[in-house]
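This is what each chain is made of:
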Number of protein chains: 2
Amino acid sequence: MENICTERIAHLREEMKKEGITAWLVTSADYHNSEYVAAYFKTIEFLCGFTGEAATLVILPEEADLWVDGRYFIQAEKEIKGSGVMLQKMGEPGVPTVHAFLKEKMPDNGTLGFDGLCVTKHEGSALRELLAYKNVTLRADLDLIGRIWGQDRPALPSHPVFLPDEEKYAGETAADKLGRLREKLKEHHAQYYLTSKLDEIMWLYNIRGNDVEYNPVALSYAFVSMDHQYLFIQDSEVTDELREHAKKYDIFLHHYFALNEFLRKMKFDGKILFDPDYVSYAIYESLKTSVEEGTGRHIEDMTVEKPGVIDLMKAVKNPTEIRNFREVYIEDSAALTKFIFWIKQKMQNPETAKNQTELTAAEHLDELRAQISDYVELSFGTISAYGPNAAMMHYAPTKEDHAKLKAEGMLLVDSGGHYLRGTTDVTRTIALGPVTEEMKKDYTLTAISQLQLMGTQFLKGSCGMTLDIMAREPMWSRGMDYKCGTGHGIGNLLNVHEGPQTIRYRMREQADLTPFAPGMVTSDEPGVYKAGRYGIRIETILLCVDRQTTADGIFYGFEPLTFVPLDRDLLDVRYLTPETRTLLNRYHKEVLEKIAPFLNDEEQQWLEGQCAEI
Amino acid sequence: MENICTERIAHLREEMKKEGITAWLVTSADYHNSEYVAAYFKTIEFLCGFTGEAATLVILPEEADLWVDGRYFIQAEKEIKGSGVMLQKMGEPGVPTVHAFLKEKMPDNGTLGFDGLCVTKHEGSALRELLAYKNVTLRADLDLIGRIWGQDRPALPSHPVFLPDEEKYAGETAADKLGRLREKLKEHHAQYYLTSKLDEIMWLYNIRGNDVEYNPVALSYAFVSMDHQYLFIQDSEVTDELREHAKKYDIFLHHYFALNEFLRKMKFDGKILFDPDYVSYAIYESLKTSVEEGTGRHIEDMTVEKPGVIDLMKAVKNPTEIRNFREVYIEDSAALTKFIFWIKQKMQNPETAKNQTELTAAEHLDELRAQISDYVELSFGTISAYGPNAAMMHYAPTKEDHAKLKAEGMLLVDSGGHYLRGTTDVTRTIALGPVTEEMKKDYTLTAISQLQLMGTQFLKGSCGMTLDIMAREPMWSRGMDYKCGTGHGIGNLLNVHEGPQTIRYRMREQADLTPFAPGMVTSDEPGVYKAGRYGIRIETILLCVDRQTTADGIFYGFEPLTFVPLDRDLLDVRYLTPETRTLLNRYHKEVLEKIAPFLNDEEQQWLEGQCAEI
């Protein structure tokens, strides 16, 4: 059966033929290698129907192949049916990598094409080197899919930016950040910085945008020299406020699509530092042309490729940010604590219980959060998952599809907000009525995991891989595990998942090896997931702090930012060791001190019970 | 002041000039990138006097530069004085890497020379790519230092090989190992295997050599096709026994230096798999010429670069090896236990105590070990370090320089043997008389560290970085640390330090991420080192074993192979948690059961006291 996809692919093959292109490569990325991309960039879905977040598609004259990882095998199989595209299940025996496939299939002197704005410099160069021996040419300057998509293509997102007060919220002026960045450049013997990474551009210039759902970022590029700074952004996003801010800090505003031309006209008299995992191959090629023509020197002598220079600066929160985080996390924790009391009350009375669903619960929590003074938006869609739904890690209720709550078992709520004072993320699992012994055991083990990691003191130089077992040990020693990372970094009114640090027991990417530093804010979220039965997660956000310096080194530890009680109705104290009991009591004491002032009498009384010493 | 080194460097520059070479690069490696190298390969010492184990030297017409890491800053400064060589302190601010330096200093169209047999394919290719844009030529076919060293150069080591009984000791015939290797090759779509790594060649063919002190390996290369297998080895090392073994398994014996010629004559009709971190650039170049001329195809299409294929097979001990390891570790543990009793007895009596030194202690232990039936040699020089000497991690007493023992404080003994049944490595720290409260505390923490790691159950996929904190936590939580890794792999009558698995809290090289697998043998050796005062280390060797399979995954754990009591006189039970107390009692119970049969009555009685339940 022919479908719309076969037509589109046929159309693409015609365009390829016209341009003399042997193979066309399509990625899931936008121009900024963002975690989430707008509809405008969903070219793989357009061509073969696959809607997952990560994939690679290669179109050859006689075949088309889609690579997806294990998460998407079943979904992809279903979605690409009838498109004529072959599924390549990554990691399965006998399945070649995209690189191995291209090495095999590309003919000598062939041409490989792709939208150079959607492929990173890193990947583009790797492809060039991979195929150089076959004398394959890369064509990175065409957007063939744009041609065939035409008028029907969704618009590029474009929303006005906003500017939180610098002194109050950023804690460091754009000028100071630029100064620190320039110091970093000097350390690397570079004089220019080029970036495509949206959250670092927002952080650097102290602006925020609205172009990606739940991520307050604006599509943009930035370029920084020793004396000047430039922001490339769509005209429709520029507000008077931004114009003033730009004037104040001498930020030159250029149109979003003017970067290439700007680079071509630039006279470089020093090295350019950039992150090859974010700057696109097309932009790099422009840079190369400009640099080599302008200076007569080779691009390799004029660039420093260095990932994560700003990421690391951004991850370490400054004193103002830390003060704001502490404050807003308490208010956010109070909202969640009120919610827990509310839902428990509702479920105690059959009359009020009968109308509650995952969705009414989420809505009530979202409302409580929206009442916080500097609330901006949710930091992600509230996960309110009852019973077996909580065993699906990324479940979220919808208007069409959600469960009714019953006065038994557990409700898992994972939620967070963006505030001017920071971004929050927190999970608690709540007993709605009677629970089983097994649920209590699993909840208590999760609590021990969460507390044990929070209580760890560790040597400077330790990364998340070093620490992860402190959370997993109570699970692993009993043959249990949760199939996800234990922790991720959190932005300041930026992405709720931000790098570079993570907490996982094995390496997924280089950034996972980033050592912890005081000021980093990271989640601590172990869980127990029993498919078809229930799910438990406890997520407390931790601030990395200095602990002590001794003859043997500098030691760090964590302080909680989140102060929401662990559920007394789910704790089975028999599983607590003396050490974890102490950690729990110490935490609950702090919860009571910090949260009680936000509660009414009834709520306070309940919280006292929840936090009483065990 | 001119010295012999300046002359040699001047001589080298003349040779460089004759050959039209701009820069000459010297590494510390032998032809096999071995951990320890013979005097023949100490070309850096010959040229500039530096005797450390790792360095890079670059000779240019107008300057010469030596790169060393932090361990060697002081030593190198002293040793290269007067040689005219400039010291480049790796990692210090403003010090370029060797690559950055070459990028800077190499002129366009220059020639970079090095002994291609002493530089890995990985490094050679990196240099080629680094300098390609400057059109720099690599000359890897010359041994200019050999030319100027001439007659005075120490001989290449050359000792006859020996062959432990295959059935009894290897537990797998060379034919079966070759079969498994060929399966691995097929998995990677390769038909040939080329290797330079000495311990893997010994393992593959079930032979052993004597060319490196404490490492029972022979200088050699191996090449394996789907039907044939070849060993390249010096004629002087070939014994009748080896000839018979070679006949039995159709191993073709060729001269050590015949590999290049062999590769040039080979007709390849499939891909060659090799480890680019061990095969030298010169050998790779021969392979390239042969492959490209013979097949008309590009070398990149005909090779698979894959590190550690045999390393991983070798690291996982088979049932025979495990049985032998268990057995010989008990006998080796009994020898050390007898030694501990002996030295404690000697030190109790002032008459017998007064003649004891670090050296007499080491000699007595070495004698006890030599009495074990299948003893071959020590697996490294016995470390017997008293008092402050034990704070130096790699201290070893010499005839000229060693301490007298006193009936107080602690003696640290780190030792091991090669036996036909396996290689051992064990450390115990022994009270020789009264000790301080601080010593007892530190010893007990070390014991807890060692036991806690040993007692950990962990998910398949965990590597040493995942586990290390289980050993360090008791230290870190008190602001203490030891400045070395916690564990290393151990060979079977091969190198006492073998890869790929390690236990460290941060990554040093890719192999550190190797997941544990049942059958791996790894050390567990935390410690406390107080400079100028004392050192404590407890090292127990662990076998990785299967523990349980649940819905959440496959879980592994460790069983001790070493059974030597922890020193009762140094334990302060107040620091033991209920969990570590249980681990200690369980361990001591096993020690008593396994070791008592090897002891006389007096020793047995003492051991019962040492192992009594706490």
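For the structure itself, consult the block above.
Residues numbered from 1 in each chain as written. Chains lettered and ligands numbered in written order. Predicted model: local features only at pLDDT ≥ 70, side-chain atom pairs only at ≥ 80, totals over all residues. Heavy atoms only, no water.

**Quick look at the overall build of chain A**
Here comes step 1: Each helix and strand counted, chain A has 21 helices and 26 strands in total.
Here comes step 2: Compactness check: chain A gives a C-alpha radius of gyration of 26 Å against a globular reference of 25 Å for 614 residues, within 12% of the reference.
Here comes step 3: Along the longest, intermediate and shortest principal axes, the C-alpha atoms of chain A span 75 × 60 × 50 Å.
Here comes step 4: Looking at chain A residue by residue over its 614 residues, the buried ones come to 60%.
Here comes step 5: The long-range share in chain A, meaning contacts at least 24 apart out of those at least 6 apart in sequence, stands at 70%.
Here comes step 6: Carbon and sulfur atoms make up 50% of the accessible area of chain A, which amounts to about 24,600 Å² in all.
Here comes step 7: In chain A, 68 positive and 95 negative side-chain charges are present, and the distance between their average locations comes to 2 Å. (Helix = DSSP H or I, 4+ residues; strand = E, 2+ residues; numbered from the N terminus. Rg over C-alpha atoms; globule rule 2.2 N^0.38 Å. Buried < 20%, exposed > 50% of the residue type's maximum accessible area, 1.4 Å probe, protein only. Contact = heavy atoms within 4.5 Å. Areas by Shrake-Rupley, 256 points an atom, 1.4 Å probe, with all protein chains shown as cover. Lys, Arg positive; Asp, Glu negative; His and termini not counted. Charge placed at Lys NZ, Arg CZ, Asp CG, Glu CD.)

**Here's the deal with the nonpolar core**
Here comes step 1: The biggest cluster of nonpolar side chains holds 166 residues, and the ones touching the most others in it are Phe-339, Ile-343 and Leu-411 of chain A together with Phe-339, Ile-343 and Leu-411 of chain B.
Here comes step 2: If sequence neighbours within four positions are ignored, Ile-343 of chain A has contacts with Gln-356, Ala-361, Leu-405, Leu-411, Ile-430 and Leu-432 of chain A. (Core = buried A, V, L, I, M, F, W, Y, C linked by side-chain atoms within 4.5 Å.)

**Looking at the relation of the copies chain A and chain B**
Here comes step 1: With an RMSD of 0.1 Å, the fit of chain A onto chain B corresponds to turning through 180° and sliding 0.1 Å along the axis. What we have between these two chains is a two-fold relation. Minimal C-alpha separation from the rotation axis in chain A is found for Thr-466 of chain A, amounting to 2.8 Å.
Here comes step 2: Comparing interface residues between copies, 100% of those in chain A also sit at the interface in chain B, which points to an isologous, same-surface contact. (Least-squares fit on C-alpha atoms with pLDDT ≥ 70 in both.)

**Side note on the side chain of Glu-358 of chain B**
Residue and element names in this part refer to chain B.
Here comes step 1: When you line up the elements, Glu-358 lands in helix H17 (residues 358-370).
Here comes step 2: Lacking a salt bridge, the buried Glu-358 has Lys-406 as its closest oppositely charged neighbour, with an N-O distance of 11 Å.
Here comes step 3: In terms of polar contacts, Glu-358 uses its side chain to reach the backbone amide nitrogen of Tyr-386, at 2.8 Å.
Here comes step 4: Here Glu-358 is in contact with Ser-384, Ala-385, Tyr-386, Asn-389, Tyr-395, Pro-397, His-402, Ala-403 and Leu-405, once residues within four sequence places are set aside. (Salt bridge = Lys/Arg side-chain N within 4 Å of Asp/Glu carboxyl O. Polar contact = N/O pair within 3.5 Å; in protein donor to acceptor, adjacent residues only side chain to side chain.)

**Some words on the pattern of salt bridges**
All names here are of chain A.
Here comes step 1: Across all of its chains, the model carries 90 salt bridges over all chains by this definition.
Here comes step 2: Between Lys-288 and Glu-292 there is a salt bridge, and its shortest N-O distance comes to 3.8 Å. Here the residue Lys-288 and the residue Glu-292 both occupy positions in helix H12 (residues 281-295), the gap between them amounting to 4 residues, near one helical turn.
Here comes step 3: Put simply, Lys-197, Asp-199, Asp-311, Lys-314, Lys-317 and Glu-498 are held in one network by salt bridges that share partners.

**Topic: the sheet that holds strand S14 (residues 383-386) of chain A**
Residues and elements named next belong to chain A.
Here comes step 1: The 3 strands lie next to each other as S14-S15-S18, forming an open sheet whose pairing is antiparallel. Among the strands making up the open sheet, the edge pair consists of S14 and strand S18 (426-431). Put simply, the sheet's adjacent strands are angled 15° from each other on average, direction ignored.
Here comes step 2: In the packing of helix H17 (residues 358-370) onto the sheet, the strands contacted are S14, strand S15 (410-415) and S18, and the crossing angle to S14 comes to about 150°. (Pairing = 2+ DSSP bridges. Axes fitted to C-alpha atoms, helices over the stretch in contact; angles between N-to-C directions.)

**Structural notes on the sheet that holds strand S10 (residues 251-255) of chain A**
What holds strands together in a sheet is hydrogen bonding between their backbones, with the strands either parallel or antiparallel.
Residues and elements named next belong to chain A.
Here comes step 1: Sheet architecture is open: 6 strands sit in the order S10-S9-S8-S7-S11-S12, paired in mixed fashion. The sheet is open, and its two borders are formed by S10 and strand S12 (303-305), each paired with just one other strand. Between one strand axis and the next, the sheet turns by 20° as a mean value, whatever way the strands run.
Here comes step 2: Both strand S11 (residues 272-274) and S12 contribute to a ladder of 3 bridges, which runs parallel.

**Notes on unusual backbone geometry**
Here comes step 1: The omega angle of the peptide bond from Gly-499 of chain A to Pro-500 of chain A is 0°, so this bond is cis rather than trans.
Here comes step 2: With respect to the helices, strands and loops of the structure, Pro-500 of chain A is situated in strand S21 (residues 498-503).

**Observations concerning helix H19 (residues 464-476) of chain A**
All names here are of chain A.
Here comes step 1: Helix length check: H19 (13 residues) gives 17 Å between terminal C-alpha atoms against 18 Å at 1.5 Å per residue, within 8%.
Here comes step 2: Of all the bends found along H19, the most pronounced is centred on Met-470 and spans about 35°, while Pro-474, a proline, follows it within four residues.
Here comes step 3: Buried residues dominate H19, accounting for 12 of its 13 residues.
Here comes step 4: Within the span of H19, buried status applies to Gly-464, Met-465, Thr-466, Leu-467, Asp-468, Ile-469, Met-470, Ala-471, Arg-472, Pro-474, Met-475 and Trp-476. (Expected span 1.5 Å × (residues − 1). Bend = angle between axes of the 7 residues up to and from the residue.)

**Thoughts on the interface of chain A and chain B**
Here comes step 1: Each side of the interface is counted separately: chain A has 38 residues, and chain B has 38 residues.
Here comes step 2: It is Tyr-133, Trp-476 and Asp-552 of chain A in chain A that bury the most area against chain B; as a group they hold 18% of the surface buried on that side.
Here comes step 3: Summed over the shared surface of chain A and chain B, the result is 2 salt bridges.
Here comes step 4: Remark: the boundary between chain A and chain B carries 16 residue pairs in polar contact (both at pLDDT 80 or more).
Here comes step 5: Looking at the side of chain A that touches chain B, the elements that each hand over two or more residues are helix H13 (299-302), strand S19 (458-459), H19 and strand S25 (540-550) of chain A.
Here comes step 6: Of all the elements, H19 of chain A adds the most residues to the side of chain A that touches chain B, at 7 residues.
Here comes step 7: Residue composition of the side of chain A that touches chain B, by class: 14 nonpolar, 11 polar and 13 charged. (Buried area = accessible area lost by both parts, 1.4 Å probe. Nonpolar A, V, L, I, M, F, W, Y, C, P; charged D, E, K, R; others polar.)

**So, the side chain of Glu-539 of chain B**
Residue and element names in this part refer to chain B.
Here comes step 1: Along the chain, Glu-539 turns up in the loop between strand S24 (534-537) and strand S25 (540-550).
Here comes step 2: The buried charged residue Glu-539 lacks any salt bridge, with Arg-537 as its nearest oppositely charged partner at 5.2 Å.
Here comes step 3: Here the side chain of Glu-539 touches Thr-427 through a polar contact of 2.7 Å, side chain to side chain.
Here comes step 4: Those residues in contact with Glu-539, other than ones at most four positions away along the chain, are Asp-414, Asp-425, Val-426, Thr-427, Arg-428, His-488, Ser-523, Asp-524, Glu-525 and Thr-562.

**Points about helix H18 (residues 437-454) of chain B**
Every α-helix carries 3.6 residues per turn, so stepping three or four residues along brings you back to the same face.
Here comes step 1: Here H18 of chain B is 18 residues long and its end C-alpha atoms lie 26 Å apart, about the 26 Å a rise of 1.5 Å per residue gives.
Here comes step 2: Among the 18 residues that make up H18 of chain B, 14 are buried, leaving the element largely enclosed by the rest of the structure.

**Re the environment of Gly-94 of chain A**
Residues and elements named next belong to chain A.
Here comes step 1: For Gly-94, the location among the structural elements is in the loop between strand S4 (86-89) and helix H4 (98-105).
Here comes step 2: Taking relative accessible area as the criterion, Gly-94 reaches 72% and is therefore assigned exposed.
Here comes step 3: Each C-alpha atom of the pair Gly-94 and Tyr-193 lies 42 Å from the other, and the pair is 99 residues apart in sequence.

**Observations concerning the packing of aromatic side chains**
Here comes step 1: With the rule as written, the count across this model stands at 57 aromatic pairs over all chains.
Here comes step 2: Summarising the aromatic geometry, the rings of Phe-458 of chain A and Phe-558 of chain A are spaced 5.2 Å apart at their centres and angled 40° between planes, so their arrangement reads as tilted. Here the residue Phe-458 of chain A occupies a position in strand S19, and Phe-558 of chain A occupies one in strand S26 (residues 553-560), the gap between them amounting to 100 residues.
Here comes step 3: A relative accessible area of 0% places Phe-458 of chain A in the buried class.
Here comes step 4: A relative accessible area of 3% places Phe-558 of chain A in the buried class.
Here comes step 5: Ring geometry for Phe-223 of chain B versus Tyr-230 of chain B: centroids 6.0 Å apart, planes at 50°, classification tilted.
Here comes step 6: We classify Phe-223 of chain B as buried; its relative accessible area is 0%.
Here comes step 7: Taken together, the aromatic side chains of Tyr-192, Phe-223, Tyr-230, Phe-232, Phe-252, Phe-262 and Phe-268 of chain A make up a single cluster linked through ring pairs.
Here comes step 8: Above the plane of the ring of Phe-563 of chain A lies Lys-594 of chain A, whose end atom (NZ or CZ) is 5.1 Å from the centre.
Here comes step 9: Against the face of Tyr-40 of chain B rests Arg-153 of chain B, its NZ or CZ located 3.8 Å from the ring centre. (Phe/Tyr/Trp six-rings, centres within 6.5 Å; stacked < 30°, edge-to-face > 60°. Lys NZ or Arg CZ within 6 Å of the ring centre and 35° of its normal.)

**Overview of the pairing of strand S9 (residues 229-233) of chain A**
All names here are of chain A.
Here comes step 1: Within S9, 5 of the 5 residues are buried, leaving the element largely enclosed by the surrounding structure.
Here comes step 2: Neither face of S9 is exposed, since Gln-229, Leu-231 and Ile-233 on one face and Tyr-230 and Phe-232 on the opposite face are all buried.
Here comes step 3: Relative to S9, strand S8 (residues 220-224) runs antiparallel, the two sharing 5 bridges. Within S9, the position partnered with Tyr-221 by the bridge is Phe-232.
Here comes step 4: Turn length for the S8-S9 hairpin, with the two strands adjacent in sequence and antiparallel, is 4 residues.
Here comes step 5: Crossover S9 to S10 through helix H10 (residues 240-248) is right-handed. (Right-handed = clockwise from strand over helix to strand, strands pointing away.)

**Describing the packing of helix H18 (residues 437-454) of chain A against helix H20 (residues 578-595) of chain A**
Residues and elements named next belong to chain A.
Here comes step 1: One can describe the packing of H18 onto H20 by two numbers: an axis separation of 10 Å at closest approach and a directional angle of 85°. Considering their axes alone, H18 and H20 lie roughly perpendicular with respect to each other. Contacts from Ile-448, Leu-451, Gln-452 and Met-454 in H18 reach Thr-580, Leu-583, Leu-584 and Tyr-587 in H20.
Here comes step 2: Of the residues that constitute the contact of H18 with H20, the class distribution is 6 nonpolar, 2 polar and no charged. (Parallel < 35°, antiparallel > 145°, perpendicular 65-115°, else oblique.)

This is a description of form; function is not addressed.
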